Amino acid sequence: MADTVELGWEEWVALPDLGLPAVKAKVDTGAKTSALHAELIEPFGKPGAPQVRFLIRPDPDRPNLEVVCKAPVVDRRDVTSSNGQTELRYVIATSMLIGNVQRTIEVTLTNRETMSYRMLLGRGAIGDNAVVLPGRSFIQPKLDYSLYDTLKTKAPAERPLRLALLTREPDNYSSKRLMEAARDRGHVIDPINTSRCYMKIEARAPEIHYDGKTLPFYDAVIPRIGASMTNYGMAVLRQFEAMGAWCLNPPAAIGASRDKLLAHQLLSQAGIAMPVTAFAHSPKDTKDLVRLAGDGPVVLKLLESTQGRGVVLAETKKAAESLVDAFRGLDANFLVQQFVKEAAGADVRCLVIGGKVVAAMKRQAPDGEFRSNLHRGGKAQAIKLTPAEKKIAVTAAKRLGLNIAGVDLLQSKAGPVVLEVNSSPGLEGIETATGKDVAGKVVRLLEARVRTLSQKR
Ligand code: ADP
C-alpha cells in the first residue's frame, strides 16, 4: 500500500500536463469537486473528442503573467460553489504533483479571479492516501511563482473573430451590411440558416449540424431570427451558447422582447413609461376591457402582428367594443391601448447598441394614416433625441437584456413612452435615414466584448 501523504490546509501543487509548474491550492475536504481558475475558456477539438483551451493567471499578485493551457474535456457538470451559485462547468482530467506524489485528477474550470487561491482541492483530488491536517499549512515542499520566469512562452498568433450570422435571409440589406462590416474589419463570418440547423444535445460535447456537417466553434453569434422562427431560433442560439459562443443578444432576452405581454410587464416593473395598455384573450366583459385603456380613442393590436398589420384605431368606444368582439372570435391574444393622439402619426426608432443610442430616426405616417411603419409608406428622417428619450431607450434595452435593440417611442404630452422593443432591428431604414454605420458599430461591440485567447490585453 502506498504511504500516507500528509497535507496542510494550503499546499503548492504542479500541474505538468497543463504546463503549470506552481499553483497555490486551498485544500478543502468539505468540497467534493476540485476547481481551477480559468478565463477565456474556448472549446475546440473533433466531434466526440472535445477539448478546451483557457487562460490562467497563476499568480494573483502578477496579473500580467498569463499561461494558455489545453486539456481534454471529460464532462460538463453543474457545480454549486460555496456562495450558492450553480454554474455549468467543463471538467478536465490532468496530472497533479504534490511533493513527489503524482496522480491524475478531475478538475472543473471556473473563474476564481477574485479568490486568493487559484485552485481548490476537493475530496476527489485529495484521494484516499492523504490525510489533511487542517491546523497546518504547507507540509509538502513549497514551490514558487518564480518557476514561471524560466518558462518559454510563445505569444499566440493573433487571429480574427469567427462569427456566425444566424439568419434565413443572408441576402437582405441587414445581413449583407453585417457581413460586409465584419469582413472589412478582418473577421470571418458565416451566414447560417437557422431552420437548416439540427442539434445534438449533450452536456460534454454539444454539436450543431448543418447540411450533413458539424459546425465549427464560433466566438460569437449575431442572431437575426425571424418572428416565425422564434422558438426554434432560440433553441439553436442556446446551443451555440452551450458550445461557448457569445450571443450578441442572449436567447432569453430575445424571448422576452418577442413576448409582448412579458416585455410589457418587465418594462413597466422597471418604471418605464408606456401607453396605458390592457391585455386580453377572450374577455367576457368587453366594456370593462375597453374602459381600462382610458376614455379616449384606443388602438387594438393583435399580438402576433408585425409591420403594423394587426393594428387598428378605434375612435369611439362603440367601435372599440365591436373590434374586441371580433377579436374574441379569433382565439388570439390582443391588447387595447390608449391612443397617443399627439404623436400625430409619428414614432421614433432608437437604435441601442451596447447601452448607447447610436442612431435615431423619426418615422412619419402618410396623411390619413396613424401607423408610421416604413412598410406602410412612412417616411424616415434622422432626429436628435432629448436626454429623456435617450435614457428611456437605453433603460428599456437594458431591462430586457438586449445588447442590440430597436426601441420605438411615441412622443406623448407627458414625455416619451415606449411602444415596443425589437431584438432584430432592421438596418436599412436607420442607416439610410441617418447615414450612420450601424453595422460597423455592431462589429466593434463584438470586438470589445469577445476576447479570444490570441488577443493581447
Ligand atoms: P407593429 O409591431 O405591428 O409595427 P406597432 O405597435 O409598432 O405595431 O404599431 C404600428 C404603428 O402604429 C406605430 O409605429 C405607431 O406609429 C402607431 N401606433 C401604435 N400604437 C400607438 C398608440 N398607442 N398611439 C399612437 N400611435 C400608435
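All values derive from a computational prediction rather than experimental measurement. (Residues numbered from 1 in each chain as written. Predicted model: local features only at pLDDT ≥ 70, side-chain atom pairs only at ≥ 80, totals over all residues. Heavy atoms only, no water.)

Asker: Please provide a residue-by-residue account of the overall build of the protein chain, values included.
Answerer: From N to C terminus, the protein chain includes 10 helices and 27 strands. Viewed in the frame of its principal axes, the protein chain has a C-alpha envelope of about 90 × 50 × 45 Å. Counting all 457 residues of the protein chain, 47% fall into the buried class. Partitioning the contacts of the protein chain with sequence separation of at least 6, the portion at a separation of at least 24 is 64%. Counting only carbon and sulfur atoms, one obtains 51% of the accessible surface of the protein chain, whose full area is about 22200 Å². (Helix = DSSP H or I, 4+ residues; strand = E, 2+ residues; numbered from the N terminus. Buried < 20%, exposed > 50% of the residue type's maximum accessible area, 1.4 Å probe, protein only. Contact = heavy atoms within 4.5 Å. Areas by Shrake-Rupley, 256 points an atom, 1.4 Å probe, with all protein chains shown as cover.)

Asker: I'd like a description of the site of the ligand, backed by residues and values.
Answerer: The environment of the ligand is formed by 20 residues, the closest being Lys 301, Gly 308, Asp 347, Ser 372 and Asn 373. Note that an oxygen atom of the ligand is positioned 2.8 Å from one of the side-chain N or O atoms of Asp 347. A distance of 2.8 Å separates an oxygen atom of the ligand from a polar side-chain atom of Ser 372. Coverage of the ligand by the protein amounts to 96% of the 540 Å² it exposes when considered alone. Counting only elements with at least two residues in the shell around the ligand, the list comes to β20 (298–302), β22 (334–338) and β27 (415–422). When its residues are assigned to classes, the shell around the ligand shows 7 nonpolar, 8 polar and 5 charged. For the shell around the ligand, the two domains that each supply at least three residues are domain 3 (276–339) and domain 4 (344–447). (Near = heavy atom within 4 Å. Polar contact = N/O pair within 3.5 Å; in protein donor to acceptor, adjacent residues only side chain to side chain. Nonpolar A, V, L, I, M, F, W, Y, C, P; charged D, E, K, R; others polar. Domains from an automatic or database assignment.)

Asker: Account for the nonpolar core, with residues named and values stated.
Answerer: By size, the foremost hydrophobic cluster in this structure holds 36 residues, and its most contacted members are Leu 20, Leu 36, Phe 54, Met 119 and Leu 121. With 5 residues, strand β3 (residues 20–27) is the single largest residue contributor to this core. Residue contacts for Leu 36: discarding those within four places in its chain leaves Leu 15, Leu 18, Leu 20, Phe 54, Ile 56, Val 107, Thr 108, Leu 109, Thr 110, Arg 112, Arg 118 and Met 119. Within the second largest apolar cluster, 26 residues are counted, among which are Val 358, Ala 359, Ala 439 and Val 450. (Core = buried A, V, L, I, M, F, W, Y, C linked by side-chain atoms within 4.5 Å.)

Asker: Requested: an account of the sheet that holds strand β17 (residues 220–223), with residues and values cited.
Answerer: Spatial strand order, β13-β12-β17-β18: 4 strands in an open sheet with parallel pairing. Of all the strands in the sheet, the pair left with one neighbour each is β13 (188–192) and β18 (246–247). (Pairing = 2+ DSSP bridges.)

Asker: With reference to specific residues and values, describe the sheet that holds strand β25 (residues 379–382).
Answerer: Sheet architecture is open: 5 strands sit in the order β25-β24-β23-β26-β27, paired in antiparallel fashion. Looking along the sheet, the strands with just one partner apiece sit at the ends: β25 and β27. Recorded for the sheet is a direction-independent mean angle of 30 degrees between the axes of neighbouring strands. When strand β23 (residues 346–353) meets strand β24 (residues 356–364), the two strands line up antiparallel, connected through 8 bridges. By the bridge assignment, Val 348 is partnered in β24 with Lys 362. (Axes fitted to C-alpha atoms, helices over the stretch in contact; angles between N-to-C directions.)

Asker: Explain helix α5 (residues 260–269) residue by residue, including any values.
Answerer: Listed in full, the buried residues belonging to α5 are Ala 263, His 264, Leu 266 and Leu 267. Where α5 is buried, its residues touch α4 (251–258), β19 (277–280), β22, α8 (387–400) and β27. Residue Gly 271 follows α5 closely and has a positive phi angle near 80 degrees.

Asker: Explain unusual backbone geometry to me, using residue names and the numbers behind them.
Answerer: The backbone phi angle of Leu 40 is positive, close to 50 degrees, even though this residue is not glycine. With respect to the helices and strands, the residue Leu 40 is situated in strand β5 (residues 39–46). For Leu 40, a relative accessible area of 23% translates into the label partly exposed. Not every positive phi belongs to a glycine, and Asp 331 is a case in point at roughly 55 degrees. If you trace the backbone, Asp 331 turns up in the loop between α7 (317–328) and β22. Among the residues examined, Asp 331 registers a relative accessible area of 60% and is labelled exposed.

Asker: Give me the packing of α5 against α8: which residues, what numbers.
Answerer: Contact geometry for α5 and α8: axes closest at 10 Å, N-to-C directions at 120 degrees. With respect to each other, α5 and α8 are oriented oblique. Relative to α8, α5 is oriented so that their crossing is right-handed. For the pair α5 and α8, the contacting residues are Ala 263, Leu 266, Leu 267 and Gln 269 in the first and Ala 396, Arg 399 and Leu 400 in the second. Across the contact of α5 with α8, the residue classes break down as 5 nonpolar, 1 polar and 1 charged. (Parallel < 35°, antiparallel > 145°, perpendicular 65-115°, else oblique. Left-handed = near helix turned anticlockwise from the far one by under 90°.)

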